[in-house]
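# Reading the structure
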Amino acid sequence: MEYVAHYGLTDVFDWYVYKVRHKSEKMVCKHLSNLGLEVFVPTILTTRVYSKKIKKVEKPLLYNYVFVKSNKSTYLNVLTHEHVLGFVRVGKDKVRPITPVEMDILRRIVELDPLLIETEHKSLEVGNIVEVIRGQLYGLRGKLVQRQGKRKILIEIEGLDQSIAITVEEEDISKVN
């Protein structure tokens, strides 16, 4: 699932990543959408078990991150929202737009079965570089992590301080030379 609003201008636009306050992703998305910006918050459906009920809850795939499509003349306006803390930067100072390939990967991940998705902070051990050779994520490359007899492919999206781990059957991946 995802929240997307559409922008009606015919200028060259790129996707930028903004850091937002804790648990304010949906609110920022709604506000920026009302301003006419195209906004993307990748979310997944999870099951919460409470003492008297079981409930399906939608939660962000990447906490505190909102993706906004804007051009160079308007991308600074997003910072005026009180819950937007700033850009996610590459290195110390550089603000880099997210590539269309990276956005496509995020959109494809959101469509997966939520039981196969796990997010982690970017502190995993570096493993073999592998590529998905079958299935919905065909062609996707990432770093491999072995856990509990299953393999997970770690997709690192450059410029984000987060990684996404996806459970993939061993026969669906191959090592990249």
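Let us look at the structure shown here. Treat the numbers as computed from the prediction; the structure is a model and nothing was measured.

### Quick word on the pattern of salt bridges
- If you walk through the whole model with that rule in mind, you get three salt bridges.
- One salt bridge connects glutamate 102 with arginine 96, and the closest N-O pair in it is separated by 3.5 Å. Assigned by exposure class, glutamate 102 and arginine 96 land together as buried.
- The salt bridge partner of arginine 108 is aspartate 104, with a shortest N-O separation of 3.1 Å. Within this pair, arginine 108 and its partner aspartate 104 are both found in helix α2 (residues 100–110), separated by four residues, close to a single helical turn.
- Of the residues examined, aspartate 104 reaches a relative accessible area of 37% and is grouped as partly exposed.

### With respect to the nonpolar core
- Core analysis: the biggest nonpolar cluster contains 25 residues, and Leu61, Phe67 and Leu106 have the highest contact counts within it.
- Contributing elements (two or more residues each) for this core: β2 (14–20), β3 (38–49), β5 (65–70), α2, β8 (129–132) and β11 (162–168).
- Among the elements that take part in this core, α2 stands out by supplying five residues, more than any other.

### As for the environment of serine 24
- As for its position among the elements, serine 24 is in the loop between β2 and α1 (25–34).
- When its relative accessible area of 2% is taken as the criterion, serine 24 is described as buried.

### Brief notes about the side chain of asparagine 71
- Tracing the backbone shows asparagine 71 in the loop between β5 and β6 (84–87).
- A polar atom in the side chain of asparagine 71 sits 2.7 Å from the side chain of threonine 74.

### Re unusual backbone geometry
- Non-glycine residue lysine 23 carries a positive phi angle of around 60 degrees.
- Within the secondary structure, lysine 23 sits in the loop between β2 and α1.
- Take lysine 23: its relative accessible area is 68%, and that puts it in the exposed class.
- Of note, the phi angle at asparagine 64 is positive, near 70 degrees, even though the residue is not glycine.
- In this fold, asparagine 64 is placed in the loop between β4 (54–60) and β5.

### Side note on the packing of aromatic side chains
- The tally for this structure, following the rule as stated, stands at four aromatic pairs.
- Where tyrosine 75 meets phenylalanine 87, the ring centres are 5.2 Å apart and the plane angle is 45 degrees; that geometry is what we call tilted. Residue tyrosine 75 is located in the loop between β5 and β6, and its partner phenylalanine 87 is located in strand β6; the two are separated by twelve residues in the primary sequence. Each member of the pair, tyrosine 75 as well as phenylalanine 87, is classed as buried.
- Grouped by ring-pair contacts, the aromatic residues Tyr16, Tyr18, Tyr75 and Phe87 constitute a single cluster.

Reading the values: rules and limits
- Residues numbered from 1 in each chain as written.
- Predicted model: local features only at pLDDT ≥ 70, side-chain atom pairs only at ≥ 80, totals over all residues.
- Heavy atoms only, no water.
- Salt bridge = Lys/Arg side-chain N within 4 Å of Asp/Glu carboxyl O.
- Buried < 20%, exposed > 50% of the residue type's maximum accessible area, 1.4 Å probe, protein only.
- Helix = DSSP H or I, 4+ residues; strand = E, 2+ residues; numbered from the N terminus.
- Core = buried A, V, L, I, M, F, W, Y, C linked by side-chain atoms within 4.5 Å.
- Polar contact = N/O pair within 3.5 Å; in protein donor to acceptor, adjacent residues only side chain to side chain.
- Phe/Tyr/Trp six-rings, centres within 6.5 Å; stacked < 30°, edge-to-face > 60°.

In short, shape yes, function no, at least from these values alone.
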